[in-house]
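As a plain string of letters, each chain reads:
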Amino acid sequence: MSDAIAALPQQNVLVTVEEGIAWVSLNRPGKRNAINPGIVFEMNKVLDALEETDAVKCVVMTGSGEAFSAGMDLKEYFREPDAGEPIARERLNRANSAWQWRRLMYYPKPTIAMVNGWCFGGAFQFLCACDLAVSADEATFGLSEINWGIIPAGIVTKSVAAALQQRKAMYYIMTGDTFDGKEAEKIGLVNFSVPKAEMVDKVKSIAKKLMEKNPHVLRACKVGYHYTREMSWDMAAEYLGSKIDATKFRDPEQGAVKGMSQFLDEKSYRPGLGAYKRD
Ligand code: ACO
């Protein structure tokens with residue numbers, strides 16, 4: 001285990017690393033992994049440690065026990081900080097935005113959300129910020145904010161608007177109705193929903209596929225996706241044109257040269273059917 005991972009508190013967030021995959025679990029099962037300041041500050045340390053550890057190639061975000069996450073902790077994230085110093089409140093918000101989407105969305109390694117159970121409110125934020133998502137059929141999702149008199153804030157409304165069609169997003173935002181993993185798959189909130197007993201294997205098979213790709217190019221692909229969504233067509237074309245050059249230039253393993261040569265000269269693989277052979 002790397003020094004950075006060995007130094008983690010492993011209290012509010014548990015981390016194990018196996019075969020290149022870091023399994024990151026929100027760890028307040030008794031509170032259904034409701035997100036409190038303890039999780040917020042520890043999760044930022046976890047993301048730092050995983051970023052700098054070469055043994056980690058893919059990150060899976062999940063929850064301990066029967067919940068993925070019951071969203072923000074109503075007592076420790078809202079009621080108590082709201083009654084305290086505004087500057088501390090702002091610091092907490094900033095730290096929460098950092099791990100839940102600002103860093104996660106552009107994280108340099110691929111990320112998969114594994115929704116093992118209850119998933120409410122603020123949990124949608126880091127669910128949507130992960131690159132891909134797999135759910136247990138048995139999981140329960142809900143934008144429950146309306147049920148206790150707030151709007152889905154942070155960046156939840158925007159995340160849901162980006163992931164779902166308008167009618168679906170509006171329905172769940174306005175009713176707070178719950179839905180299961182199968183519905184989450186149907187509406188595009190997760191890539192796949194499978195019986196809970198098959199969930200870990202499904203995640204492992206996707207992670208394996210991602211880890212076979214060139215990590216440098218994979219990083220540029222995901223960041224490019226997020227940035228260009230907000231750009232005009234002309235700006236996006238310019239950005240992507242520059243990035244493809246930058247990626248080729250900076251790629252430590254010179255994947256494009258290798259991939260082209262293995263196809264055109266060696267005839268050892270077909271790019272349409274799989275990745276080139278990495279050293
Ligand atoms: N904030 C604070 N405490 C919570 C939260 C939460 N979001 N979710 C669960 N808990 C606590 C409960 O208060 C309870 O604490 P206690 O044992 O000290 O009484 C403990 O976790 C277990 O919760 P139960 O409700 O007893 O568990 P159950 O399995 O019956 O229900 C469920 C689970 C459905 C997730 C329920 O706890 C719930 O509705 N939680 C709130 C979900 C929610 O609306 N989250 C906020 C979304 S809005 C936002 O994130 C901005």
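Data block above holds the structure.
### Re helix H10 (residues 215-229)
And then number 1: With 15 residues, H10 ought to run about 21 Å at 1.5 Å a step, and its terminal C-alpha atoms sit 22 Å apart, in line with that.
And then number 2: Taken residue by residue, H10 has His-216, Leu-218, Lys-222, Val-223, Gly-224, His-226 and Thr-228 as its buried positions.
And then number 3: The inward-facing, buried residues of H10 contact strand S5 (111-115), helix H9 (196-211) and helix H11 (233-250).
And then number 4: Among the residues of H10, the N-terminal cap falls to Asn-214, whose side-chain oxygen and the backbone nitrogen of His-216 are separated by 2.9 Å.

### Re unusual backbone geometry
And then number 1: Located in the positive-phi region is Gln-254, a residue other than glycine, with phi close to 50 degrees.
And then number 2: Examined against the element boundaries, Gln-254 turns out to sit in the loop between H11 and helix H12 (255-264).
And then number 3: On the basis of relative accessible area, Gln-254 is assigned to the partly exposed category, the value being 33%.
And then number 4: Phi at Lys-267 is positive, roughly 50 degrees, even though this residue is not glycine.

### Digging into the packing of helix H3 (residues 74-82) against helix H4 (residues 86-102)
And then number 1: Taken N-terminus to C-terminus, the directions of H3 and H4 make an angle of 155 degrees; their axes are 10 Å apart at the nearest point. Between H3 and H4, the interaxial angle falls into the category roughly antiparallel. Packed against H3, whose contacting residues are Tyr-77, Phe-78, Pro-81 and Asp-82, the element H4 presents Arg-89, Leu-92, Asn-93 and Asn-96 at the interface.
And then number 2: Residue classes in the contact of H3 with H4 are distributed as four nonpolar, two polar and two charged.

### Concerning the sheet that holds strand S6 (residues 118-120)
And then number 1: Here four strands make up an open sheet; going across it, the order is S4-S6-S8-S9 and the pairing mixed. Bordering the open sheet on either side are strand S4 (67-69) and strand S9 (178-180), each of which pairs with just one other strand. Neighbouring strand axes in the sheet, compared pairwise and without regard to direction, differ in orientation by 20 degrees on average.
And then number 2: Pairing analysis gives three bridges linking strand S8 (residues 140-142) to S9, with the strands arranged antiparallel. Residue pairing for S9: Thr-140 is matched across the bridge by Asp-180.

Conventions we followed
Think of each chain on its own: its residues are numbered from 1, step by step along the sequence as written. Since the coordinates come from a predicted model, pLDDT governs what is reported: local features require at least 70, and pairs of side-chain atoms require 80 or more to be given and counted, while whole-chain, interface and lining totals use all residues. To obtain the side-chain values, all non-hydrogen atoms of the structure were used and water was disregarded. Each helix is a run of DSSP H or I of at least 4 residues and each strand a run of E of at least 2, with the numbering of both proceeding from the N terminus. By this rule the span expected of a helix is its residue count minus one, scaled by 1.5 Å. Categorising residues by exposure relies on relative accessible area from a 1.4 Å probe, with only protein chains included: less than 20% of the type maximum marks a residue as buried, more than 50% marks it as exposed, and the intermediate range marks it as partly exposed. Residue contacts are counted whenever heavy atoms from the two residues lie within 4.5 Å of one another. Pairs of N or O atoms within 3.5 Å make up the polar contacts considered here, provided that, within protein, one atom can donate a hydrogen while the other can accept it, and that residues adjacent in sequence are counted only when both atoms are side-chain atoms. Only the contacting stretch of a helix is used when fitting its axis, a line to C-alpha atoms as for every element, and angles between N-to-C directions run 0 to 180 degrees. Convention used here: angles under 35 degrees read as roughly parallel, angles over 145 as roughly antiparallel, angles from 65 to 115 as roughly perpendicular, and any remaining angle as oblique. The classification used treats Ala, Val, Leu, Ile, Met, Phe, Trp, Tyr, Cys and Pro as nonpolar, Asp, Glu, Lys and Arg as charged, and all other residues, Gly among them, as polar. DSSP calls a pair of strands paired once it identifies at least 2 bridges connecting them.

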